[in-house]
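Fold and geometry: a report
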Amino acid sequence: MLKYVDAKVVFAEVPDEVTLAINISNCPCQCKGCHSSYLAQDIGTELTFNEVRKLIKKNSGISCIAFMGGDSEPERINALASFVTNHYQLKVAWYSGRQELSKDIELRNFDAIKLGPYIEELGPLSSRTTNQRFYRVEKGVLTDITNKFWK
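What this report covers is the structure whose coordinates are included nearby. Please read these numbers as outputs of a predicted model, since none were measured by experiment.

Criteria and thresholds
Residues numbered from 1 in each chain as written. Predicted model: local features only at pLDDT ≥ 70, side-chain atom pairs only at ≥ 80, totals over all residues. Heavy atoms only, no water. Phe/Tyr/Trp six-rings, centres within 6.5 Å; stacked < 30°, edge-to-face > 60°. Helix = DSSP H or I, 4+ residues; strand = E, 2+ residues; numbered from the N terminus. Buried < 20%, exposed > 50% of the residue type's maximum accessible area, 1.4 Å probe, protein only. Disulfide = S-S within 2.5 Å. Core = buried A, V, L, I, M, F, W, Y, C linked by side-chain atoms within 4.5 Å. Axes fitted to C-alpha atoms, helices over the stretch in contact; angles between N-to-C directions. Parallel < 35°, antiparallel > 145°, perpendicular 65-115°, else oblique. Left-handed = near helix turned anticlockwise from the far one by under 90°. Contact = heavy atoms within 4.5 Å. Nonpolar A, V, L, I, M, F, W, Y, C, P; charged D, E, K, R; others polar.

**Here's the deal with the packing of aromatic side chains**
According to the stated counting rule, one finds 5 aromatic pairs in the structure shown. With centroids separated by 6.4 Å and ring planes inclined at 35 degrees, the aromatic side chains of W94 and F110 adopt a geometry described as tilted. One end of the pair, W94, is in strand β5 (residues 91-95); the other, F110, is in the loop between β5 and β6 (112-115), with 16 residues separating them in the sequence. Of the two residues, W94 and F110, neither departs from the other in class, the shared state being buried. Ring centres of F134 and F149 lie 5.0 Å apart, and the angle between their planes is 65 degrees; on these two criteria the pair is classed as edge-to-face. In this pair, F134 is assigned in strand β7 (residues 133-138) and F149 in the segment after β8 (141-144), connecting sequence segments 15 residues apart.

Here it is in structure tokens:
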């Protein structure tokens, strides 16, 4: 069962978007130095279609939804992304801690995807030495736009 701990409107996770970041728990990645290590616990509220609907209604003015995690259930992330894509005029992003894209993810349901575990020595997306990659998705093609995070 996919659960989330909280959801916040953010401005830096998806370039040029006002994003509702939904923090998903039960992360299997266990990255050393993770800034959200509490998300490794199996805690929170079940993330259902109805719960997503409520979060969208409560956060008017957003242009994007970002699922922050969910690597334990990528097929569920894909289903939720499909739901948002088919029912709302919002962009959809996914922050995965995995190095490779799950076979359960259909690119047509996403506008952006971040791949890669957090490696403390290499830094986050804002670091030019990061191993993580942020991709724009257009017509099934991933285009690396990680440099948009660099100052």
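**Details of the state of the cysteines**
The bond known as a disulfide is covalent and runs between the sulfur atoms of two cysteines. If you walk through the whole model with that rule in mind, you get 0 disulfides. No disulfide involves C29; its sulfur sits 4.0 Å from that of C27, the nearest cysteine. Classification of C29 as buried rests on a relative accessible area of 18%. Not engaged in a disulfide, the cysteine C64 finds its nearest cysteine sulfur in C27; these two sulfurs lie 19 Å apart.

**Structural notes on the nonpolar core**
By size, the foremost hydrophobic cluster in this structure holds 27 residues, and its most contacted members are I22, L47, I65, F67 and V84. Contributions of two or more residues to this core are made by β2 (19-24), α1 (49-58), β4 (64-68), α2 (74-87), β5, β6 and β7. Of the residues forming this core, the biggest block, 5 residues, is contributed by α2. By size, the runner-up hydrophobic cluster in this structure holds 13 residues, among which are V14, C64, F134 and I145.

**A short note on the packing of α1 against α2**
Direction vectors running N to C along α1 and α2 enclose 50 degrees, while the axes themselves pass 10 Å from each other. When the axes of α1 and α2 are compared, the pair comes out oblique. Crossing hand, α1 versus α2: right-handed. Note on element contacts: α2 touches α1 through R76, A79, L80, F83 and V84, opposite F49, V52, R53 and I56. For the contact of α1 with α2, the residue count by class is 7 nonpolar, no polar and 2 charged.

Everything listed here is a matter of coordinates, which is why it stays silent on function.
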